[in-house]
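The chain contents come next:
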Amino acid sequence: MAEPRSTSPHRNAWRRLQRNKVAIFGLCMLTVLALLALLAPWLSPYSYSAQNLALGPSAPSAAHWLGTDLFGRDLLTRMIYGSRVSLAVGFIATAVALLIGVTWGALAGYLGGRTDALMMRLVDILYALPFTIFIILLMVVFGNNIILLFLAIGAVEWLTMARIVRGQVLHIKQQDYIEAAVSLGASRLRIIVKHVLPNIAGPVIIYATLTVPNVILLESFLSFLGLGVQPPQSSWGLLIAYGVETMEEYPWLLLFPATLLALTLFSLNFLGDGLRDALGEK
């Protein structure tokens, strides 16, 4: 009689995720976009900044599959290069938000008492501030710097993560294995790193996949206002801003970038929902 194969929670979660076709579609879509962004210099025969004023805005053709913009630049090339900026902002800013939010929430939840109350009251105060205006002020004061854009967005997206992590830690620190670690003399830092953080990885991963689309959308909004990426660089928000200005005469300049942004946001949300189900989170 054959022995049953041993399974792990991660392997079971992966199997459940594989059965979710919509989530797998989202994962495949994001993988393709990431590959296109990485291989952009080798995939397109055009430069993202090279202008051809004689060509001007032209409809999709065999030479330019998605047409050209007002300056005769290939739209497909600019969309691919734009994905580099938009995806980088999404993932790097989310990583900044996770670093701050997980650290803050874990410390507040585990230390408890007055420390917890003080730290979470600060979170409540920051929640009352208008995030978008705060980011706009940072961009106006320090200039349109792409690195600053990563940090500014990440610095205002950590508050919800801090609350989520704090709630999870308050539950976990009541478990028997935490009390056993305390009785064995383990330090607070060791308990948080070795026992608390690994057990909140599921909710953190799920919320991260749902934060990325919010960050991408915020970057697009800032670029739409002219406060994000500056020409000749490209991002989806900047392309959409150009498309809105000329949508009546040249509708493809808005249609294609907006469609790609929508597909990316849907894919991230599909993947986030699939991970939530696979990891058994409600």
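Computed from a prediction, not measured in an experiment: that's the story for all the values here.

*Asks:* Give me the lowdown on the overall build of the chain, citing residues and values where you can.
*Replies:* The helix and strand inventory of the chain stands at 13 helices and 0 strands. Traced from its N-terminal end to its C-terminal end, the chain shows the element sequence α-α-α-α-α-α-α-α-α-α-α-α-α. Relative to its 282 residues, the chain shows a buried fraction of 42%. Counted over contacts in the chain with a minimum sequence separation of 6, partners at least 24 positions apart contribute 71%. When the accessible surface of the chain is summed, it comes to about 15200 Å², and 66% of that surface belongs to carbon and sulfur atoms. Separation of charge centres in the chain, based on 19 positive and 15 negative side chains, amounts to 12 Å.

*Asks:* Please provide a residue-by-residue account of the confidence of the model for the chain, values included.
*Replies:* When pLDDT is averaged across the chain, the result is 82; 94% of the residues are at 70 or more. Ranking the elements of the chain by mean pLDDT puts helix H6 (residues 131–142) last, at 71, and helix H2 (residues 21–38) first, at 90.

*Asks:* Describe a nonpolar patch on the surface, naming the residues involved and giving the relevant values.
*Replies:* Residues Val-32, Leu-35, Leu-36, Leu-38, Leu-39, Trp-42 and Leu-43 make up a contiguous nonpolar surface patch of about 720 Å² in total accessible area. Taken together, the elements giving at least two residues each to the nonpolar patch come down to H2 and helix H3 (40–43). A total of 4 residues in the nonpolar patch trace back to one element, the largest contributor, which is H2. The residue Leu-43 is located in helix H3 in this model.

*Asks:* Report on the environment of Leu-217, specifying residues and quantitative values.
*Replies:* Note that Leu-217 resides in helix H11 (residues 201–224). When its relative accessible area of 45% is taken as the criterion, Leu-217 is described as partly exposed. In sequence terms Leu-217 and Ser-86 are 131 residues apart; their C-alpha atoms lie 8.8 Å from each other. Non-local contacts of Leu-217, meaning those with residues more than four positions away in its chain, are made with Leu-261 and Leu-265.

*Asks:* Explain the nonpolar core to me, using residue names and the numbers behind them.
*Replies:* Core analysis: the biggest nonpolar cluster contains 26 residues, and Leu-33, Leu-75, Met-79, Ile-216, Trp-236, Leu-260 and Leu-261 have the highest contact counts within it. If you list the elements that add at least two residues to this core, you get helix H1 (9–19), H2, helix H4 (75–111), H11, helix H12 (236–245) and helix H13 (252–278). In terms of residue count, the dominant contributor to this core is H13 (10 residues). Sequence-distant contacts of Leu-260, defined by excluding residues within four places in its chain, comprise Met-29, Leu-33, Met-79 and Trp-236. Judged by nonpolar contacts, the second largest core, of 15 residues, contains Ala-106, Tyr-110, Val-196 and Ile-200.

*Asks:* I'd like to hear about the pattern of salt bridges, residue by residue, with values.
*Replies:* On inspection of all chains with the given rule, the structure shows 5 salt bridges. Across the pair Arg-166 and Asp-116 runs a salt bridge, and its minimum N-O distance is 2.7 Å. Residue Arg-166 is found in helix H8 (residues 159–172), and its partner Asp-116 is found in helix H5 (residues 113–127); the two are separated by 50 residues along the sequence. Residue class for Arg-166 comes out partly exposed when judged on its relative accessible area of 25%. Residue class for Asp-116 comes out buried when judged on its relative accessible area of 8%.

*Asks:* Which residues make up the side chain of Ser-58, and what are the values?
*Replies:* As for its position among the elements, Ser-58 is in the loop between H3 and H4. With a relative accessible area of 17%, Ser-58 lands in the buried category. Among residues more than four places away in sequence, those in contact with Ser-58 are Gly-67, Thr-68 and Trp-252.

So, how was this worked out
Residues numbered from 1 in each chain as written. Predicted model: local features only at pLDDT ≥ 70, side-chain atom pairs only at ≥ 80, totals over all residues. Heavy atoms only, no water. Helix = DSSP H or I, 4+ residues; strand = E, 2+ residues; numbered from the N terminus. Buried < 20%, exposed > 50% of the residue type's maximum accessible area, 1.4 Å probe, protein only. Contact = heavy atoms within 4.5 Å. Areas by Shrake-Rupley, 256 points an atom, 1.4 Å probe, with all protein chains shown as cover. Lys, Arg positive; Asp, Glu negative; His and termini not counted. Charge placed at Lys NZ, Arg CZ, Asp CG, Glu CD. pLDDT = per-residue confidence, 0-100. Patch = residues over 30% accessible without salt bridge, like charges linked within 9 Å, V, L, I, M, F, W, Y side chains within 5 Å. Salt bridge = Lys/Arg side-chain N within 4 Å of Asp/Glu carboxyl O. Core = buried A, V, L, I, M, F, W, Y, C linked by side-chain atoms within 4.5 Å.

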